[in-house]
Amino acid sequence: MKSAQKVMIYKDVKEVLGSSQLFLPMLIVPLVFVLILPIALLIGAQFGNSGINGMDQLIKIFAATTSFDNDAQLLVYIGVNYLFPSFFLLIPIMAASILGASSFVGEKERKTLESLLYTPMSIRELFSAKVVGTFVPAYAVTLFSFIIFGIVVNIGGWFYFGKLIFPTLKWLIIILWLSPAVTLLGIIFMVLVSAKAATFQEAQQMSAFIVLPIILLVVGQSTGLFLLNEIILLTLGAMILIADYFLMGIATKKFSPEKLI
Amino acid sequence: MHAIEVCNLKKSYTQGENALDSISFHIPQGAIFGFLGPNGSGKTTTVRILNGILSPTQGSALVYGQKVTANSQEIHRLCGVMTETAASYENLTGWENLDFFGQMHGLSKTEIKNQSEQLLYSLDLYESKDKKVKAYSTGMKKRISLARALLHRPKILFLDEPTSGLDPESAQNVTQMVQKLAIEHGVTVFLCTHQLKYAEDICTLYGFIHKGNMLGFGTFQQLLQEKNSTIYLELRGDSIPPSFTPYQNANKIYKIPITGDTDASQILQGILKQGGQVYEAKQIHWGLEDLYFAYQRGVSHEISTKSNDL
Ligand SMILES: Nc1ncnc2c1ncn2[C@@H]1O[C@H](COP(=O)(O)OP(=O)(O)OP(=O)(O)O)[C@@H](O)[C@H]1O
Ligand SMILES: [Mg+2]
């Protein structure tokens, strides 16, 4: 990586930190997902209530097949392993689309992209710097959320199970395999959008197309329709990565000055 | 070797419509080239092609002998560009902007510091260097863009409307600075503007463009010669026979290109003989504005045949 690219990445990250419009949603949404919701679940479990709608069906399925010491354990187990994983797809997608919208479409909207095009950095270098510069903070947000979630869950888990219940293999697959793939997907999507969208807002609206399927997945999870096991997760991640690879090829072609100014 | 060489350059954004229609010209090193034309005539398009960020539909362009389509990175090292469509980062301060772009150009920290300080001083921005660019006025934003374009000491400077939005004092300051760069450092300047007054002050070479066609190219003298005239007769009158008046300004003022005193007298006699009334007549030397309109109007439909007779 050339030093100009590093400078560019550093600038992009600094811009995010300096803008509350970008920074706040990336702080608040994950905190709701990994701090407030799990705490609600852990406290609710004590009263035999998940506090989260749509878990009843899952509970029925698990109560029949798996044995737990008590209902609270059952609730916590289901919540942690079947409800929350999807949030770790939502968080990177959200972060990638906010950062991507700012980094790709925002530069175009604010007319700074053309200024970059006049520097000695080639369009390919610019592209890869922008992808890395978006990926790193987006994935950092995800990892950071994962750590907080891990702490919360383990504190609760200790209380209900008397042992550390996190992370499981499934969780590691999600965070190290699926999340990065999805982060990249979100970024590529934003690059593709950047050729079409004229403003940051427009890009955000378009990115709803990618967030919606994931929300559906979340709903599906909590009603017991989607019970993803390790193999499915690994396959899913591989499929997304393959999609990433091909879409990246298209995105690289689309990212030409001709289309951007 | 010419600083800029353009050969049969053509650009169409959409099928069948030419933003640039086979233009050719070359600019020697150290010239201040005034590229003048109305809105949408293709000035910015030319600047973008010459900097390799748009590719031409046809034809070729060389900057210091290098093909702009082949080695745009080298071109970007040679050229500094300031256009209205290339802005600074609003959330960074003026200083941070220069620092960022300096690093993007691969300049060292001390180089950036020295150059930035000097540019900020001469562009009267030093006091605002730690303010975010979004807090700058239009004119200050213009000037910080200019500082950015000059940061890496380019050999060719492209300025797209550098003085629009500037107060007369800053505009003059900028024009003088540009002139100094050309004279003292041999920087070639490619200046697109609507502000003929500033162009007239500093340009050594002109190009008049209209709808992607180069109507005239050369030094002021060459262009005058091409129009076969260095002076015109300005008349105020009524019922002037149309054969005498290719260009009419408002309020019954007419401008008639002439070659000298005899010509003037003959024209006046002619007008009077054909029943025209003359209240006032004066010989005036062509200014850039006159020349510009002579060329630009030369293309517009009704008058085009007449102007060819001149
Ligand atoms: N990205 C683009 N897509 C399609 N058409 C374009 C694009 N950019 C410019 N054009 C068209 O090309 C022609 C020349 O535009 P250009 O911006 O070069 O004019 P200009 O001389 O710089 O005008 P101005 O003085 O208003 O800045 C115009 O007809 C314009 O509509
Ligand atoms: Mg323009």
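Since we're looking at a predicted model, the values are computed, not measured. (Residues numbered from 1 in each chain as written. Chains lettered and ligands numbered in written order. Predicted model: local features only at pLDDT ≥ 70, side-chain atom pairs only at ≥ 80, totals over all residues. Heavy atoms only, no water.)

K.L.:
Residue-level account of the site of ligand 1, with values.
P.N.:
Contacts to ligand 1 come from I261 of chain A together with Y13, A19, P38, N39, G40, S41, G42, K43, T44, T45 and H194 of chain B. Mapping the residues near ligand 1 onto chains gives chains A and B. At 2.9 Å from an oxygen atom of ligand 1 is found a main-chain nitrogen or oxygen belonging to G42 of chain B. The contact in question runs from an oxygen atom of ligand 1 to an N or O atom on the side chain of T45 of chain B, over 2.5 Å. Coverage of ligand 1 by the protein amounts to 62% of the 640 Å² it exposes when considered alone. (Near = heavy atom within 4 Å. Polar contact = N/O pair within 3.5 Å; in protein donor to acceptor, adjacent residues only side chain to side chain. Areas by Shrake-Rupley, 256 points an atom, 1.4 Å probe, with all protein chains shown as cover.)

K.L.:
Can you break down helix α4 (residues 109-122) of chain B residue by residue, with the values?
P.N.:
Residue and element names in this part refer to chain B. Between its first and last C-alpha, α4 extends 20 Å over 14 residues, near the 20 Å set by a 1.5 Å rise per residue. Among all positions in α4, only I112, Q115, S116, L119 and L120 are buried. Projected onto a plane normal to the axis of α4, the buried residues spread over an arc of 125° and lie on a single side. Opposite the buried face of α4, at more than 90 degrees from it, the exposed residues are T110 and Y121. Packing partners of the buried residues in α4 comprise α3 (94-104), α5 (138-150) and α6 (168-185). D124 occupies a position one or two residues after α4 and carries a positive phi of about 60°. (Helix = DSSP H or I, 4+ residues; strand = E, 2+ residues; numbered from the N terminus. Expected span 1.5 Å × (residues − 1). Buried < 20%, exposed > 50% of the residue type's maximum accessible area, 1.4 Å probe, protein only. Arc of directions from axis to C-beta. Contact = heavy atoms within 4.5 Å.)

K.L.:
Quick rundown of helix α10 (residues 230-254) of chain A? Include the residues and the values.
P.N.:
Residues and elements named next belong to chain A. For α10, with 25 residues, the first-to-last C-alpha span of 35 Å sits near the 36 Å given by 1.5 Å per residue. Regarding α10, the residues found buried are L233, G237, I240, D244, A251 and T252. At its buried positions, α10 is contacted by α7 (123-161) and α8 (169-194).

K.L.:
So what about the interface of chain B and chain A? Which residues, and what values?
P.N.:
On the side of chain A, 24 residues touch chain B, which itself brings 26 residues to the contact. Interface of chain B and chain A: buried area, both sides summed, is about 2400 Å²; carbon and sulfur atoms make up 63% of it. Among the residues chain B hides against chain A, the three largest losses belong to I53, Y89 and M104 of chain B. Together they make up 29% of the total. At the boundary of chain B and chain A, one finds 3 salt bridges. One salt bridge in this structure joins R48 of chain B and E114 of chain A, with 2.8 Å as the shortest N-O distance. Here chain B and chain A share 12 residue pairs in polar contact (both at pLDDT 80 or more) between them. Broken down by element, the residue count for the side of chain B that touches chain A peaks at 5 residues, all from α3 of chain B. (Buried area = accessible area lost by both parts, 1.4 Å probe. Salt bridge = Lys/Arg side-chain N within 4 Å of Asp/Glu carboxyl O.)

K.L.:
Requested: an account of the layout of surface pockets, with residues and values cited.
P.N.:
Residue and element names in this part refer to chain B. The computed volume of the largest pocket comes to approximately 510 Å³. Taken together, 19 residues form the lining of the largest pocket, with Q118, L119, R153, L181 and H185 sitting closest to its centre. Secondary-structure elements contributing two or more residues to the lining of the largest pocket are α4 and α6. No other element matches α6, which puts 7 residues into the lining of the largest pocket. A class-by-class count of the residues in the lining of the largest pocket yields 7 nonpolar, 8 polar and 4 charged. (1 Å grid on protein atoms, 1.4 Å probe; cavity = no way out; pocket = protein on both sides within 12 Å on 5 of 7 lines; lining within 4 Å. Points joined across faces, edges and corners; volume = space filled by probe spheres on them. Nonpolar A, V, L, I, M, F, W, Y, C, P; charged D, E, K, R; others polar.)

K.L.:
So, the domain arrangement of chain B: which residues are in play, and what are the values?
P.N.:
Assigned domains within chain B: domain 1 (4-224) and domain 2 (230-284). Taken over C-alpha atoms, the centre of domain 1 of chain B sits 40 Å from the centre of domain 2 of chain B. (Domains from an automatic or database assignment.)

K.L.:
Describe in detail the sheet that holds strand β1 (residues 4-11) of chain B, supporting the description with residues and values.
P.N.:
Residues and elements named next belong to chain B. Spatially, β2-β1-β4-β5 is the arrangement adopted by the 4 strands of the open sheet, whose pairing is antiparallel. Taken across any chain shown, the strands that pair with only one partner, and hence form the sheet edges, are β2 (20-27) and β5 (66-67). Direction of pairing for strand β4 (residues 58-63) relative to β5: antiparallel, over a ladder of 2 bridges. Within β5, the position partnered with L62 by the bridge is K67. (Pairing = 2+ DSSP bridges.)

K.L.:
Quick one: what's the story with the pairing of strand β9 (residues 205-210) of chain B, residue by residue and with numbers?
P.N.:
The two faces of the sheet receive side chains in turn, since in a regular strand these alternate between them. Residue and element names in this part refer to chain B. Counting buried positions along β9 yields 5 of 6 residues, so the element is predominantly enclosed. The pairing of strand β3 (residues 32-36) with β9 spans 4 bridges and is classified as parallel. Bridging across to β9, F35 finds its partner in G207. Sheet topology places β9 next to strand β10 (residues 213-218); 5 bridges connect them, and they run antiparallel. Note that in β10 the partner of F208 across the bridge is G216. Linking β9 back to β10 in an antiparallel pair, the connection comprises 2 residues, with K211 at a positive phi of about 45°.

K.L.:
I'd like a rundown of the nonpolar core, residues and numbers included.
P.N.:
Within the largest apolar cluster, 163 residues are counted, with the highest numbers of intra-cluster contacts made by I4 and F190 of chain B. Among the elements that make up this core, the one with the highest residue count is helix α5 (residues 87-109) of chain A (14 residues). With residues near it in sequence (within four places) discarded, F190 of chain B still touches I4, F25, I27, F33, F35, T46, V47, L50, L157, F158 and L159 of chain B. Of all hydrophobic cores here, the second largest spans 11 residues; its members include I240, Y254, I256 and I271 of chain B. (Core = buried A, V, L, I, M, F, W, Y, C linked by side-chain atoms within 4.5 Å.)

K.L.:
Explain a nonpolar patch on the surface to me, and be specific about the residues and the numbers.
P.N.:
Residue and element names in this part refer to chain A. A contiguous nonpolar patch, built from L17, F23, L24, L27, I28, V32, L35, I36, I39, I43 and F47 and spanning about 980 Å² of accessible area, is present on the exposed surface. At 9 residues, the largest contribution of residues to the nonpolar patch is made by helix α2 (residues 20-46). With respect to the helices and strands, the residue L17 is situated in helix α1 (residues 3-18). Exposure remark for L17: the relative accessible area of 55% places this residue in the exposed category. (Patch = residues over 30% accessible without salt bridge, like charges linked within 9 Å, V, L, I, M, F, W, Y side chains within 5 Å.)

K.L.:
Lay out the side chain of D263 of chain B in plain terms, naming residues and giving numbers.
P.N.:
All names here are of chain B. Tracing the backbone through its elements, the reader meets D263 in helix α9 (residues 261-273). One buried charged side chain, D263, makes no salt bridge at all; its nearest oppositely charged neighbour is K273, positioned 13 Å away. For D263, the contacting residues outside a window of four places in its chain are P257 and I258. (Lys, Arg positive; Asp, Glu negative; His and termini not counted.)

K.L.:
Describe unusual backbone geometry, and please don't skip the residues or the numbers.
P.N.:
Along the chain, F166 of chain A connects to P167 of chain A via a cis peptide bond; the corresponding omega equals -5°. Here P167 of chain A shows up in the loop between α7 and α8. Of note in this structure, S22 of chain B is not a glycine but carries a positive phi near 50°. Position of S22 of chain B among the secondary structure elements: in strand β2.

K.L.:
Outline the packing of aromatic side chains, supporting the account with residue identities and numerical values.
P.N.:
Evaluation of the coordinates by the stated rule reveals 34 aromatic pairs over all chains. Ring plane angle 25° and centroid distance 5.6 Å describe the contact between F135 of chain A and Y139 of chain A, whose orientation is recorded as stacked. Of this pair, F135 of chain A and Y139 of chain A both sit in helix α7, separated by 4 residues, roughly a single helical turn. Taking the relative accessible area as the measure of exposure, F135 of chain A reaches 23% and is therefore partly exposed. Here F25 of chain B and F35 of chain B contribute two aromatic rings whose centre-to-centre distance is 6.1 Å and whose plane-to-plane angle is 40°, an arrangement assigned as tilted. Separated by 10 residues along the polypeptide, F25 of chain B in strand β2 and F35 of chain B in strand β3 bring together distant segments of the chain. With a relative accessible area of 4%, F25 of chain B lands in the buried category. An aromatic cluster of three or more residues is present, and its members are F33, F84, F87, F88, F146, F149, F166 and W171 of chain A. Looking at R148 of chain B, its charged tip hangs above the ring of F101 of chain B, at a distance of 5.0 Å from the centre. (Phe/Tyr/Trp six-rings, centres within 6.5 Å; stacked < 30°, edge-to-face > 60°. Lys NZ or Arg CZ within 6 Å of the ring centre and 35° of its normal.)

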